[in-house]
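# Breakdown of the fold
What follows is each chain in one-letter form.
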Amino acid sequence: MTIARKLQDYIDGEGIAYDTVAHHRTATTSQTAQAAHVPGNSLAKSVVVHHEMGYVLAVVPSNHRIELSTLQDVMNKRLGLASEDEVSSLFADCDIGAVPPIGSAYDVPVILDESLGNASDVYFEGGDHKTLVHMSGSNFRSLMKDAQVARFSHVA
């Protein structure tokens, strides 16, 4: 079980309690939720999007799909999905597709879907495809204190 070093250093530096959940390697967040036996609405999924000024990490429950047009309206910017190369350069110590939602550890602004706002427990990828980080919803929201919160997803 490994957590990306930058992520671990950041969470530890914030004094936030967490544990990890090992699971077999998965390709999608819905497979991850099943493999780790966690509810899809408690597993935070991160999607890196780009705009003319840089990047933002859009965070939604794994059983939701981002509505890009709604997100563009909320942010008042034209958005597109970041390429694998862009994601690799921003999250160098993470596997592609296993980007943690804690953008502040990587100096990437976060927009958090409000549907994660009252989860009692939150799980998210720790930087590989075999380890989830688990923490209380209140600790997760504390780590997300600088995130913009809006509604920009729907249940898939």
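Because the structure is a prediction, the values reported are computed rather than measured.

## Some remarks on helix H2 (residues 29–36)
Here H2 has its buried residues at Thr29, Thr32, Ala33, Ala35 and Ala36. Projection of H2 onto a plane perpendicular to its axis shows the buried side chains occupying an angular sector of 165°, all on one side. Among the structural elements, strand E1 (19–22), strand E2 (43–51), strand E7 (121–125) and strand E8 (131–136) are those in contact with the buried residues of H2. Directly beyond the C-terminal end of H2, a positive phi value near 60° is found at histidine 37.

## A closer look at the pairing of E8
Among the 6 residues that make up E8, 5 are buried, leaving the element largely enclosed by the rest of the structure. Note that E1 and E8 share 4 bridges and pair antiparallel. Across the sheet, the residue bridging to valine 21 is leucine 132, located in E8. Where E7 lies against E8, 5 bridges are found, and the strand directions are antiparallel. Paired with aspartate 121 across the bridge in E8 is serine 136. Where E7 folds back onto E8 in an antiparallel hairpin, the turn is made up of 5 residues, including glycine 127, whose phi is positive at roughly 120°.

## Comments concerning the pattern of salt bridges
A side chain with one charge may pair with a side chain of the opposite charge, provided their charged atoms come close. Inspection of every chain in the model, using the stated rule, returns 4 salt bridges. The shortest N-O distance in the salt bridge between aspartate 9 and arginine 5 comes to 3.3 Å. Taken together, the residues aspartate 9 and arginine 5, both in helix H1 (residues 5–14) and 4 residues apart, mark about one turn of the helix. The exposure class of aspartate 9 is partly exposed, given its relative accessible area of 42%. Accessibility expressed as a relative area gives 52% for arginine 5, which makes it exposed. Between arginine 151 and glutamate 114 there is a salt bridge whose closest N-O contact spans 3.3 Å. Placement of the pair is arginine 151 in the loop between strand E9 (148–150) and strand E10 (153–155) and glutamate 114 in the loop between strand E6 (110–113) and E7, with a sequence separation of 37 residues. What makes arginine 151 partly exposed here is its relative accessible area of 41%. The structure contains a network of salt bridges with shared partners spanning Asp113, Glu114 and Arg151.

## Section: H1
Among all positions of H1, only Leu7, Tyr10 and Ile11 are buried. Buried positions in H1, seen along its axis, are confined to an arc of 95° and lie on one side of it. Opposite the packed face of H1, turned more than 90 degrees from it, sit the exposed residues Arg5 and Gly13. Looking at the packing, one finds that the buried side of H1 touches E7, E8 and helix H5 (137–143). One or two residues past the end of H1 sits glycine 15, with phi positive at roughly 70°.

What counts as what
Residues numbered from 1 in each chain as written. Predicted model: local features only at pLDDT ≥ 70, side-chain atom pairs only at ≥ 80, totals over all residues. Heavy atoms only, no water. Buried < 20%, exposed > 50% of the residue type's maximum accessible area, 1.4 Å probe, protein only. Helix = DSSP H or I, 4+ residues; strand = E, 2+ residues; numbered from the N terminus. Arc of directions from axis to C-beta. Contact = heavy atoms within 4.5 Å. Pairing = 2+ DSSP bridges. Salt bridge = Lys/Arg side-chain N within 4 Å of Asp/Glu carboxyl O.

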